[in-house]
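# Commentary on secondary and tertiary structure
What follows is each chain in one-letter form.
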Amino acid sequence: MASALTQRTHRFAAIFLNIKQNKIFETIVVAVILFSALMIGAKTYNIPSQLLTVIVWLDYGITIFFLIEISIRFFAETNKLNFFKSGWNIFDTIIVVVSLIPIEDSELALVGRLVRIFRVLRMVSVIPELRTLLNSLLRALPQLGYVALLMFIIVYIYAAVGTTFFASVNETLWGDIAVSMLTLF
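All of the points below concern the structure found in this document. (Residues numbered from 1 in each chain as written. Predicted model: local features only at pLDDT ≥ 70, side-chain atom pairs only at ≥ 80, totals over all residues. Heavy atoms only, no water.)

## Overview of the nonpolar core
Core analysis: the biggest nonpolar cluster contains 15 residues, and V29, I33, I62, F66 and V126 have the highest contact counts within it. When contributions to this core are tallied by element, the ones reaching two or more residues are α2 (23–42), α3 (49–75) and α7 (122–126). A total of 6 residues in this core trace back to one element, the largest contributor, which is α2. Excluding residues within four positions of it along the chain, V126 makes contact with E26, V29, V30 and I33. (Core = buried A, V, L, I, M, F, W, Y, C linked by side-chain atoms within 4.5 Å. Buried < 20%, exposed > 50% of the residue type's maximum accessible area, 1.4 Å probe, protein only. Helix = DSSP H or I, 4+ residues; strand = E, 2+ residues; numbered from the N terminus. Contact = heavy atoms within 4.5 Å.)

## Regarding the packing of aromatic side chains
Any pair of aromatic rings gets described here by the distance separating the centres and the angle formed by the planes. Going through the model one piece at a time under the given rule, you end up with 10 aromatic pairs. Taken together, a centroid distance of 6.2 Å and an interplanar angle of 90 degrees make the contact between W88 and F91 edge-to-face. Of this pair, W88 and F91 both sit in helix α5 (residues 87–100), separated by 3 residues, roughly a single helical turn. For F91, a relative accessible area of 24% corresponds to the partly exposed category. By the ring-pair criterion, three or more aromatic residues cluster together here, those being F16, F74, F75, F83 and F84. (Phe/Tyr/Trp six-rings, centres within 6.5 Å; stacked < 30°, edge-to-face > 60°.)

## What to know about α5
The end-to-end C-alpha distance of α5, which contains 14 residues, comes to 20 Å, matching closely the 20 Å that a straight helix rising 1.5 Å per residue would cover. Of the positions making up α5, those classed as buried are N89, D92, T93, I95, V96 and S99. Taken around the axis of α5, the buried residues stretch over an arc of 165 degrees, which confines them to a single face. (Expected span 1.5 Å × (residues − 1). Arc of directions from axis to C-beta.)

This is the structure we're talking about:
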């Protein structure tokens, strides 16, 4: 009995894995993420209430799509605990679950909108090349600190020179070293 249940579980996992790895499915997920970003941008404009209603319903549809997508990714794992070993899966799950909470016209409406904005970041978890790029940037952060230090030194030197030469010409832009650095920036 347990063996039949295990076989059925593996068969379902294989079906969901095929869906998850399907290029068409991945393309649709990316398209929905981009469409979600456009909907968030559209809400920032002063639009008629009828169109706003359509956008709200589209947002509900996007949230349901993301719930289905994360469920497919979850059920594609034969060992469900492996799903939560990936930080990206945890991030995606949190974003989707928080998006499900009805918060319109409540005190948490602003937080809900911010979380929906972060749905765009799901693009990183969907596209492996973006994950690789982000991981490379994170590994390069210590070296980027030295680049920032070098840039600070250069701007500081030119700000000191600018203050010396131009403070008498324009006190507002070159009055002291801090203002001069801001002017150069």
